[in-house]
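# Geometric and topological summary
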Amino acid sequence: ANPDAFHGVSPFDPETGKALKSGGENFSAVFGRTLVRLARTDRRVCAMTAAMVSGTGLVPFQGVPQAVFDVGIAEGCAVSMAAGMAKQGAVPVFAVYSTFLQRSYDMLLHDVPLTDCMWSLPWTVPVWWATMERPTTVFLTWPIWIPSQA
């Protein structure tokens, strides 16, 4: 069985376990495909997530294994890793669900700013499901990073 498949269960037929309707392409798929394209044109771009590779659309990164990191359920470590990587010249993107971002809150608000990475180096934290009204994604980006054209 694939435990990752149970992170986002849509309506399904209980007899077969198959989805009742197939949805169109979602934001996560577009995000993952776009980020892979950026990583292939700019080797500094890398992605990380906390045990949510498929939920955050990072499955396509399996084709670029040197550019993706799954830290398990260590969100705080992912934030400090992103800051350290940015300090060394990488452009990290930490894709995380808002529910799990709280586990890295202290690192994000207290520890990382002490390293001066927060405000001077490019790194991005796309946050899935960040509102109570409807599914949405919020991007926290420091500073605004514009990918180079290759």
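Residues numbered from 1 in each chain as written. Predicted model: local features only at pLDDT ≥ 70, side-chain atom pairs only at ≥ 80, totals over all residues. Heavy atoms only, no water.

Turning to its location among the elements, Ser 28 is positioned in helix 1 (residues 27–41). Exposure remark for Ser 28: the relative accessible area of 9% places this residue in the buried category. Reaching out from Ser 28, the side chain makes a polar contact with the backbone oxygen of Gly 55 at a distance of 3.0 Å. Those residues in contact with Ser 28 that lie beyond four places of it in its chain are Gly 55, Thr 56, Gly 57 and Trp 128. (Helix = DSSP H or I, 4+ residues; strand = E, 2+ residues; numbered from the N terminus. Buried < 20%, exposed > 50% of the residue type's maximum accessible area, 1.4 Å probe, protein only. Polar contact = N/O pair within 3.5 Å; in protein donor to acceptor, adjacent residues only side chain to side chain. Contact = heavy atoms within 4.5 Å.)

The buried fraction of strand 4 (residues 123–128) is high, at 6 of 6 residues. Burial along strand 4 is two-sided: the face carrying Trp 123, Val 125 and Val 127 and the face carrying Thr 124, Pro 126 and Trp 128 are both buried. Bridge count for strand 3 (residues 91–97) against strand 4 is 3 bridges, and the pairing is parallel. What sits directly across from Val 93, in strand 4, is Thr 124. (Pairing = 2+ DSSP bridges.)

Turning our attention to the side chain of Thr 56. As for its position among the elements, Thr 56 is in the loop between strand 1 (45–49) and strand 2 (68–70). What makes Thr 56 buried here is its relative accessible area of 0%. With near-sequence residues (within four places) excluded, Thr 56 lies in contact with Ser 28, Phe 31, Thr 49, Ala 95, Val 96, Tyr 97 and Trp 128.

Okay, the pairing of strand 3 next. Burial runs high along strand 3: 7 of the 7 residues are buried. Residues of strand 3 alternate between two faces, with Val 91, Val 93, Ala 95 and Tyr 97 on one and Pro 92, Phe 94 and Val 96 on the opposite face, all of them buried. Where strand 1 and strand 3 come together, 5 bridges link them in parallel fashion. The partner of Cys 46 across the bridge, within strand 3, is Pro 92.

On to the pattern of salt bridges, then. Following the criterion strictly, the structure yields 3 salt bridges and no others. A salt bridge links Glu 25 to Arg 33; the nearest nitrogen and oxygen atoms lie 2.4 Å apart. Glu 25 gets classed as exposed once you look at its relative accessible area, which sits at 52%. Among the salt bridges present, the one from Arg 44 reaches Asp 42, with a minimum N-O distance of 2.9 Å. (Salt bridge = Lys/Arg side-chain N within 4 Å of Asp/Glu carboxyl O.)

Within the secondary structure layout, Asp 70 lies in strand 2. Taking C-alpha positions, Asp 70 is 7.2 Å from Val 53, a pair spaced 17 residues apart along the chain. Among all residues touching Asp 70, those that are not within four sequence positions of it are Thr 49, Ala 50, Ala 51 and Val 53. Side-chain polar atoms of Asp 70 contact the backbone nitrogen of Ala 51, separated by 2.8 Å. Within the local environment of Asp 70, its side chain forms a polar contact with the backbone nitrogen of Gly 72, the two atoms lying 3.0 Å apart.

These values are about where atoms sit, not about what they do.
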